[in-house]
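Examination of the molecular architecture
Below are the chains, spelled out letter by letter.
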Amino acid sequence: MDISTPIEIPNRALFKATEVCDLVKVQPYVLRSWEAEFPDLGLSKASGGSRVYRRTDVEQVARIKHLLLVEGLT
């Protein structure tokens, strides 16, 4: 698969971390490291539950991947 191919994001409001990883084709540890680098990425659920991601977060993860792998930025 070409990493510059746009991804198709389902028309939903929220996504689980595993869904984001599957859509964008990144490992969970990569997503977690990007969360540390970009604090606005994802939303914390109440009472310490799993993080959830908005559609804009999924688009941002895809953009970060593109910038790193296609454009070679760090």
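Residues numbered from 1 in each chain as written. Predicted model: local features only at pLDDT ≥ 70, side-chain atom pairs only at ≥ 80, totals over all residues. Heavy atoms only, no water.

With that out of the way, let us pick up the confidence of the model for the protein. When pLDDT is low, close inspection of the predicted coordinates is not appropriate. Confidence along the protein averages 87 in pLDDT terms, with 88% of residues attaining 70 or more. Within the protein, strand 2 (residues 43–44) has the poorest average pLDDT of any element, 80, and helix 1 (residues 17–24) the best, 95. (pLDDT = per-residue confidence, 0-100. Helix = DSSP H or I, 4+ residues; strand = E, 2+ residues; numbered from the N terminus.)

Looking now at the pattern of salt bridges. Tallying each qualifying case throughout the model produces 5 salt bridges. Between Arg-63 and Glu-71 there is a salt bridge, with its nearest N and O atoms 3.8 Å apart. In this structure Arg-63 comes out as partly exposed when scored by relative accessible area, which is 44%. (Salt bridge = Lys/Arg side-chain N within 4 Å of Asp/Glu carboxyl O. Buried < 20%, exposed > 50% of the residue type's maximum accessible area, 1.4 Å probe, protein only.)

Taking 1.5 Å as the rise per residue, helix 3 (residues 55–69) with 15 residues should run 21 Å; its terminal C-alpha atoms sit 21 Å apart, in good agreement. Restricting attention to buried positions, one finds in helix 3 the residues Asp-57, Val-58, Val-61, Ile-64 and Lys-65. Along the long axis of helix 3, the arc covered by the buried residues comes to 120 degrees, so they all point the same way. Where helix 3 is buried, its residues meet strand 1 (14–16), helix 1, helix 2 (28–37) and strand 3 (51–54). (Expected span 1.5 Å × (residues − 1). Arc of directions from axis to C-beta. Contact = heavy atoms within 4.5 Å.)

This brings us to a nonpolar patch on the surface. Taken together, the side chains of Leu-68, Leu-69 and Val-70 make up a nonpolar region of the molecular surface, amounting to roughly 230 Å² of accessible area. Take Val-70: it is sitting in the segment after helix 3. The class of Val-70 is partly exposed, set by a relative accessible area of 38%. (Patch = residues over 30% accessible without salt bridge, like charges linked within 9 Å, V, L, I, M, F, W, Y side chains within 5 Å. Areas by Shrake-Rupley, 256 points an atom, 1.4 Å probe, with all protein chains shown as cover.)

This part takes up the environment of Asp-57. Checked against the element boundaries, Asp-57 lands in helix 3. Sequence spacing of Asp-57 and Leu-41 is 16 residues, and the spatial spacing of their C-alpha atoms is 5.8 Å. Each residue touching Asp-57, except ones within four places of it in the same chain, is listed here: Asp-40, Leu-41 and Gly-42. Of the polar contacts made by the side chain of Asp-57, one reaches the backbone nitrogen of Gly-42; its length is 3.3 Å. (Polar contact = N/O pair within 3.5 Å; in protein donor to acceptor, adjacent residues only side chain to side chain.)

How two helices pack is summed up by the angle between their axes together with the distance between the axes. Packing of helix 1 against helix 3 brings their axes to within 10 Å, and their N-to-C directions diverge by 45 degrees. What the angle tells us is that helix 1 and helix 3 run oblique. The handedness of the crossing between helix 1 and helix 3 comes out as right-handed. Residues Val-20, Leu-23 and Val-24 of helix 1 form the contact with helix 3, whose own contacting residues are Val-58, Val-61, Ala-62 and Lys-65. Of the residues contributing to the contact of helix 1 with helix 3, the split by class is 6 nonpolar, no polar and 1 charged. (Axes fitted to C-alpha atoms, helices over the stretch in contact; angles between N-to-C directions. Parallel < 35°, antiparallel > 145°, perpendicular 65-115°, else oblique. Left-handed = near helix turned anticlockwise from the far one by under 90°. Nonpolar A, V, L, I, M, F, W, Y, C, P; charged D, E, K, R; others polar.)

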